[in-house]
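Here's the letter readout for the chains.
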Amino acid sequence: MKFSEEFEARFAEMVPHYPTKRSALVPTLLYAQDEVGFLSDEVIAELAGRLDLTELEVRNVISYYSMLTTKPRGKFNLQVCTNISCLVRGGEEILQHCAKKLGVGHKGTTPDGLFTLEEVECIGACSWAPAAQVNYDFHENLTTEKMDRVLDKCLAQAQEQLQRIKSVDSLADTLSQRSEG
Ligand code: FES
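None of the values given here were measured: they were computed from a predicted structure.

Participant: So what's going on with the domain arrangement of the chain? Residues and values would help.
Facilitator: As assigned here, the chain comprises domain 1 (5–64) and domain 2 (76–168). Placing a centre on the C-alpha atoms of domain 1 and another on those of domain 2 gives a separation of 27 Å.

Participant: Please give an account of the pairing of strand E1 (residues 76–81) that cites residues and values.
Facilitator: In terms of burial, E1 is largely enclosed, as five of its six residues are buried. Here E1 pairs with strand E3 (residues 115–120) via six bridges, running parallel. Counterpart to cysteine 81 in the pairing with E3 is valine 120. Relative to strand E4 (residues 132–134), E1 is paired through three bridges, and the arrangement is antiparallel. Paired with valine 80 across the bridge in E4 is alanine 132.

Participant: Explain the nonpolar core to me, and be specific about the residues and the numbers.
Facilitator: Grouped together as the largest cluster of nonpolar side chains are 16 residues, with contacts concentrated most on Leu78, Val80, Cys81, Ile94, Cys98, Ala131 and Ala132. If you list the elements that add at least two residues to this core, you get E1, helix H6 (91–102) and E3. For this core, the element with the highest residue contribution is E1, accounting for four residues. What valine 80 contacts, discounting residues up to four positions off in sequence, is Gly91, Ile94, Leu95, Cys98, Glu119, Val120 and Ala132. Of all hydrophobic cores here, the second largest spans nine residues; its members include Leu25, Leu39, Leu47 and Val58.

Rules and cut-offs
- Residues numbered from 1 in each chain as written.
- Predicted model: local features only at pLDDT ≥ 70, side-chain atom pairs only at ≥ 80, totals over all residues.
- Domains from an automatic or database assignment.
- Buried ≥ 20, exposed ≤ 12 C-beta atoms within 10 Å, placed from the backbone.
- Helix = DSSP H or I, 4+ residues; strand = E, 2+ residues; numbered from the N terminus.
- Pairing = 2+ DSSP bridges.
- Core = buried A, V, L, I, M, F, W, Y, C linked by C-beta atoms within 7 Å.
- Contact = placed C-beta atoms within 7 Å.

In structure tokens, the structure reads:
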């Protein structure tokens, strides 16, 4: 399979920094997931070959980390912690609030493909519980109001990107019409 030039450059730069090829597995999986959207069978086979691992070894590592996924998910992966510190500080309420607002349950993705919701174990932010993670960003000391603001910001970001794509498309149309005329 073919990755982008950027991925290949990162991969080539990163692997020699580790004592063995297999040690580069987790960061490589993260880069691949960022690029493809999820860790497909094809990605797993490719990375196993490159890092001298079996596909089963790669899958075992993927299953250990909640931020890695073998299934497509939304643009914003919302992980709400309900482990003990978060639980006693309202983590369950945050999770239920998100589920109601997005209309999906655990591991569900909204029909527009924007959000996937996940209930997760400790994400290492216990001192600032309750906590949640959206992609690589942490959000701490959450309240339902604060969570709403986080979701609104994601929506605004998605709309801004969509607008940019539409502008590029319309510019491309204009240019092609001019060149035809
Ligand atoms: S228990 Fe929620 S971040 Fe640790």
